[in-house]
Amino acid sequence: VLVGDGTALVQPSSTDLAKKVGISTEAQQQFYDVVVVGAGPAGLAAGVYGASEGLRSLVVEPNAPGGQAGSSSKIENYLGFPNGLSGEELAKRAFLQAGRLGAEFLLQRVTGIRSENQYLIVEMKDGREVTCHVCLIATGVSYCKLEVPGADKFSGAGVYYGAALTEAMGCANEEVYIVGGANSAGQAAMHFARYADKVRMLVRGDSLTKSMSKYLIDQIEATPNILVETGTEIAGMSGDDHLECLTLKTPRGEEARPTSSLFIFIGAEPKTDWLPKELARDNKGFILAGPDLKAKSPGSWKLDREPYLLETSVPGIFVAGDVRYNSVKRCASAVGEGSIAIQFVHQYLATL
């Protein structure tokens, strides 16, 4: 990594790189009213509202603000932006807004949370800890990996998960393949169509209507260099040091297609193994909260009162955004949950 001051870093960790460019990797205080884990739309919204309402707020993120939404090339249906906006722009604005209002950001990975008396101890990967009254889990979900021969070998060398914004201009005049039939895949296809010679969407189902918003389907149908291939999936990949060819299962039989760019949007899953074992989750790892907690895991709630709407089975730990069980997987919904979570945080703090 070449830095603006003329120096270079070789294979730096995220922490090393953050320190070099002036991003904090150590908390400035030992105690916070609320620690938000994750800086996607839900976590950023919680940072904005928590700080603006006088709570000492720390937002911890291991990568970069924005989460999956941050890599979205264009969000067309976000309220107040008639021409749409990129996920990167939304994340940047929210990050600056939360910081201006007093939220503290920390580039670090949270590895555990434990309860001590009425406090929560948040454990970081570097061994440091911070104490808080409330912890809000807003870690979102991570891209599901494509389990076919060659997928791991070519990851980052022609095979990418997400990455539509950063890679699109490098695909000028190429034939690009996109796997997936939901909104994220559709948004990526529209973005790549501006640069690539041809964009082929590989969809395992028989249509896009069950998984994609109508406005996106209409846009794709009106874009001549986007081709949707239904009933099609990848059977394998090949090449030397970089992806060179895909083997596809199509309604016509098996076909070999030359390409050097494959982008995968096949859904996502929560990464919640690091959370306390007493925090109730469903069989896929999504966190139960509020009414869902009472319905799905009634024995896990230990207090006499009803849990608050976004409160988990561990008092003082709340959840917002895509990592919550039965959440609406949309950017605006995550922002709404992150915002309203602070109201329940206030109610919880009033009981201490």
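Computed from a prediction, not measured in an experiment: that's the story for all the values here.

**Q** Describe the overall build of the protein, and please don't skip the residues or the numbers.
**A** In terms of regular secondary structure, the protein is built from 8 helices and 17 strands. In terms of overall size, the protein behaves like a compact globule, its C-alpha atoms giving a radius of gyration of 22 Å where 352 residues would be expected to give roughly 20 Å. Summarising its shape, the C-alpha atoms of the protein cover approximately 65 × 55 × 40 Å along the three principal directions. Within the protein, the proportion of its 352 residues that are buried is 50%.

**Q** Explain the sheet that holds strand β12 (residues 233–239) to me, and be specific about the residues and the numbers.
**A** Picture the strands of a sheet paired through backbone hydrogen bonds; they go either parallel or antiparallel. Sheet architecture is open: 3 strands sit in the order β12-β13-β14, paired in antiparallel fashion. Each having just a single partner strand, β12 and β14 (253–258) make up the two edges of the open sheet. Strand after strand, the sheet turns through a mean of 20° between neighbouring axes, direction not considered. Pairing geometry for strand β13 (residues 243–250) and β14, over 6 bridges, is antiparallel. Of the residues in β14, the one forming a bridge with Thr 250 is Gly 253.

**Q** Before we move on, can you summarise unusual backbone geometry with the specific residues and values?
**A** Its identity as a non-glycine residue notwithstanding, Gln 11 has a phi of 45°, on the positive side. Structurally, Gln 11 is set in the segment before α1 (14–20). On the basis of relative accessible area, Gln 11 is assigned to the exposed category, the value being 76%. Non-glycine residue Asn 117 carries a positive phi angle of around 60°. Mapped onto the fold, Asn 117 is located in the loop between β4 (110–116) and β5 (119–124).

**Q** Can you lay out helix α8 (residues 331–350) for me, pointing to particular residues and giving the numbers?
**A** Given a rise of 1.5 Å per residue, 20 residues ought to cover 28 Å, and the 30 Å separating the end C-alpha atoms of α8 matches this to within 8%. Every buried residue of α8 is accounted for by Cys 331, Ala 334, Val 335, Glu 337, Gly 338, Ser 339, Ala 341, Ile 342, Phe 344, Val 345, Tyr 348 and Leu 349. Where the residues of α8 are buried, they touch α2 (41–52), α3 (87–101), β6 (129–137) and β17 (317–319).

**Q** Give a description of the sheet that holds strand β10 (residues 198–203) that names residues and reports values.
**A** The sheet built from 5 strands is open, its strands ordered β8-β15-β9-β10-β11 with parallel pairing. The open sheet terminates on both sides in strands that have one partner only, identified here as β8 (159–161) and β11 (226–230). Across this sheet, the average inter-strand angle for adjacent strands is 20°, counted without regard to direction. Of the strand pairs in this sheet, β10 and β11 are connected by 5 bridges, and their pairing is parallel. Looking at the pairing, Arg 200 lines up with Leu 227 of β11.

**Q** Residues and numbers for the layout of surface pockets, please.
**A** Each pocket or cavity is described by its volume, and for the second largest pocket that value is around 290 Å³. Mapped by element, the contributors of at least two residues to the lining of the second largest pocket are α2, α3 and α8. No other element matches the 6 residues that α3 contributes to the lining of the second largest pocket.

**Q** Account for the packing of α2 against α8, naming residues and giving values.
**A** Viewed as axis vectors pointing N to C, α2 and α8 meet at an angle of 35°, and their least axial separation amounts to 7 Å. Taken as a pair, α2 and α8 cross one another with a handedness that is right-handed. Counted together, Pro 41, Ala 42, Ala 45, Ala 46, Tyr 49 and Gly 50 of α2 and Cys 331, Ala 334, Val 335, Gly 338, Ser 339 and Ile 342 of α8 form the full contact between these two elements. Its residues placed into classes, the contact of α2 with α8 shows 9 nonpolar, 3 polar and no charged.

**Q** Outline the packing of α2 against α3, supporting the account with residue identities and numerical values.
**A** Remark: α2 packs on α3, axes separated minimally by 8 Å, with the N-to-C direction vectors making an angle of 20°. When the axis of α2 is compared with that of α3, the two are roughly parallel. Classified by chirality, the crossing of α3 by α2 is left-handed. On α3, the residues touching Leu 44, Gly 47, Val 48, Ala 51 and Ser 52 of α2 are Ala 91, Ala 94, Phe 95, Gln 97, Ala 98 and Leu 101.

**Q** A description of the pattern of salt bridges should follow, citing residues and the corresponding values.
**A** For the structure shown, the criterion picks out 19 salt bridges. A salt bridge links Glu 123 to Arg 114; the nearest nitrogen and oxygen atoms lie 2.8 Å apart. By relative accessible area, Glu 123 is classed as partly exposed at 24%. Overlapping salt bridges, with partners in common, bring together Glu 175, Arg 200, Glu 229, Arg 252, Glu 255 and Arg 257 in one network.

Reading the values: the criteria
- Residues numbered from 1 in each chain as written.
- Predicted model: local features only at pLDDT ≥ 70, side-chain atom pairs only at ≥ 80, totals over all residues.
- Heavy atoms only, no water.
- Helix = DSSP H or I, 4+ residues; strand = E, 2+ residues; numbered from the N terminus.
- Rg over C-alpha atoms; globule rule 2.2 N^0.38 Å.
- Buried < 20%, exposed > 50% of the residue type's maximum accessible area, 1.4 Å probe, protein only.
- Pairing = 2+ DSSP bridges.
- Axes fitted to C-alpha atoms, helices over the stretch in contact; angles between N-to-C directions.
- Expected span 1.5 Å × (residues − 1).
- Contact = heavy atoms within 4.5 Å.
- 1 Å grid on protein atoms, 1.4 Å probe; cavity = no way out; pocket = protein on both sides within 12 Å on 5 of 7 lines; lining within 4 Å.
- Points joined across faces, edges and corners; volume = space filled by probe spheres on them.
- Left-handed = near helix turned anticlockwise from the far one by under 90°.
- Nonpolar A, V, L, I, M, F, W, Y, C, P; charged D, E, K, R; others polar.
- Parallel < 35°, antiparallel > 145°, perpendicular 65-115°, else oblique.
- Salt bridge = Lys/Arg side-chain N within 4 Å of Asp/Glu carboxyl O.

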